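Observations on the model geometry
Here is what each chain is made of, one letter per residue.
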Amino acid sequence: MKVQWLTIFLCLWVMSEHANAQNVRHKLLVSMHPLDPFIITEQGEVQSGFVVDIFEELQRINGRKHSVQISSFARGIKMLEKGSKVVRAQYRQTTVYHRAHLIVAQTPARFARFKWVGPFLFDGPVLYQRSKDTREFNSLEDVKQNEATCITQHRVRDTELYTQHQIPFHETQSQERAIQLLLQPKSRFDCTMLSVMNTREVLSAAGHPLSHLKAMNITLPAHGLYMAFSLDTPDHIIAQWQLALDQLNQTNKRLEIIQRYAPFYTQKLEEQLRESARAALQVVAENK
């Protein structure tokens, strides 16, 4: 008799769990930060950009449209770290809102904190000083020894390099503001890091020509740019997005989309940046 009741109980429990599973809906909240030409916005609305166009193609392949929010990069990362949002409504219906952010550089310090789909592309950082600054910097150690202080956007990849090499830095709300602070009269800052893919756009937004800066003679490792998801996002969602991106790569459409906005981003350049990023990650792995 006890065995019979135990069997009935287990059957009811399995049926209950199955019903609960059927009443859980999974949705995705996607955030983006304005960054011309990756993500171009007007009056707080997403308009275009090569990452936006790639994202739209991935949605088309997956046959779904997702909510998109414009936020700062720092807030986007903060919401990813916060994790998924669970909303329970009447009739035992539960909706789980998973979070993703476009675009995020995959770095050793971030790797285990999120789940990743990509790479969408590769980018390389360049360290700049004021064009009138007569000092010569040939390594990050030179920057440190000269007691230079860099200015950077809050929570971006640059801060990891500065911290690793013990270079003093100050954070501000955007790349444009970092440039403005570096180039203001009697600035207390000496350097800033800009990406190959959008140097001219950021300088233009900051109101300065490229001639106001000069690149230091320092080679820095490239990095892949990915769509980052909160760590508790189910693996089947990650796999679905990655499969869509793989399909886009098979037809070469991803690269074609990027080249509409950045014709200089060739297959050859991408391979060079990819190898630089791979070598940098290999060094980190060997040092662990």
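Notes on the structure in this doc start here. (Residues numbered from 1 in each chain as written. Predicted model: local features only at pLDDT ≥ 70, side-chain atom pairs only at ≥ 80, totals over all residues. Heavy atoms only, no water.)

Once that is clear, we can look at the packing of helix 2 (residues 50–62) against helix 8 (residues 235–250). Interaxial distance between helix 2 and helix 8 falls to 9 Å at its minimum, and their mutual angle equals 110 degrees. Judged on the interaxial angle alone, helix 8 and helix 2 are roughly perpendicular. At the point where helix 2 passes helix 8, the crossing takes the right-handed sense. Contact with helix 2, carried on its side by I54, F55, E57, L58, Q59, I61 and N62, involves Q240, W241, A244, L245, Q247 and L248 of helix 8 and no other residues of that element. The residue makeup of the contact of helix 2 with helix 8, split by class, is 8 nonpolar, 4 polar and 1 charged. (Axes fitted to C-alpha atoms, helices over the stretch in contact; angles between N-to-C directions. Helix = DSSP H or I, 4+ residues; strand = E, 2+ residues; numbered from the N terminus. Parallel < 35°, antiparallel > 145°, perpendicular 65-115°, else oblique. Left-handed = near helix turned anticlockwise from the far one by under 90°. Contact = heavy atoms within 4.5 Å. Nonpolar A, V, L, I, M, F, W, Y, C, P; charged D, E, K, R; others polar.)

With that settled, the discussion passes to the pairing of strand 11 (residues 192–195). Within a regular beta strand, the side chains point alternately toward one face of the sheet and then the other, so they alternate between its two faces. Burial along strand 11 is two-sided: T192 and L194 and M193 and S195, pointing in opposite directions, are all buried. Here strand 8 (residues 125–130) pairs with strand 11 via 4 bridges, running antiparallel. When the sheet's bridge partners are listed, P125 is paired in strand 11 with S195. (Buried < 20%, exposed > 50% of the residue type's maximum accessible area, 1.4 Å probe, protein only. Pairing = 2+ DSSP bridges.)

As a further point, take helix 6 (residues 175–183). Residues of helix 6 that are buried: Q175, A178, I179, L181, L182 and L183. Taken together, the buried residues of helix 6 touch strand 8, strand 9 (150–153), strand 10 (169–172), strand 11, helix 7 (199–206) and strand 12 (213–215).

One recurring pattern in soluble globular proteins is that nonpolar side chains are buried together. Within the largest apolar cluster, 39 residues are counted, with the highest numbers of intra-cluster contacts made by F38, L102, F120, L121, M227 and Y265. At the level of secondary structure, the elements contributing two or more residues to this core comprise strand 1 (24–32), helix 2, strand 6 (94–105), strand 7 (115–123), strand 13 (223–229), helix 8, helix 9 (253–261) and helix 10 (267–287). (Core = buried A, V, L, I, M, F, W, Y, C linked by side-chain atoms within 4.5 Å.)

Now for helix 7. Every buried residue of helix 7 is accounted for by T199, V202, L203 and A206. End-on view of helix 7: buried residues confined to an arc of 100 degrees, all on one side of the axis. What points out from helix 7, more than 90 degrees from its buried face, is the exposed set R200 and S204. A positive backbone phi angle near 85 degrees is found at G207, which sits one or two residues after helix 7. (Arc of directions from axis to C-beta.)

Another point: a positive patch on the surface. Judged by side-chain charge, R75, K78, K82 and K85 come together as a positively charged surface patch. Counting residues per element, the positive patch draws most heavily on helix 3 (residues 73–82), which supplies 3 residues. (Patch = residues over 30% accessible without salt bridge, like charges linked within 9 Å, V, L, I, M, F, W, Y side chains within 5 Å. Areas by Shrake-Rupley, 256 points an atom, 1.4 Å probe, with all protein chains shown as cover. Salt bridge = Lys/Arg side-chain N within 4 Å of Asp/Glu carboxyl O. Lys, Arg positive; Asp, Glu negative; His and termini not counted. Charge placed at Lys NZ, Arg CZ, Asp CG, Glu CD.)

This part covers the state of the cysteines. Under the criterion given, the structure shown has 1 disulfide. Here C150 pairs with C191 through a disulfide, and the sulfurs are 1.9 Å apart. Judged by the sign of its S-S torsion, about -95 degrees, the bond between C150 and C191 is left-handed. Here C150 is found in strand 9, whereas its partner C191 is found in the loop between helix 6 and strand 11, with 41 residues between them in sequence. Given a relative accessible area of 0%, C150 falls into the buried group. (Disulfide = S-S within 2.5 Å.)

Read these as layout, nothing more, since geometry by itself doesn't imply function.
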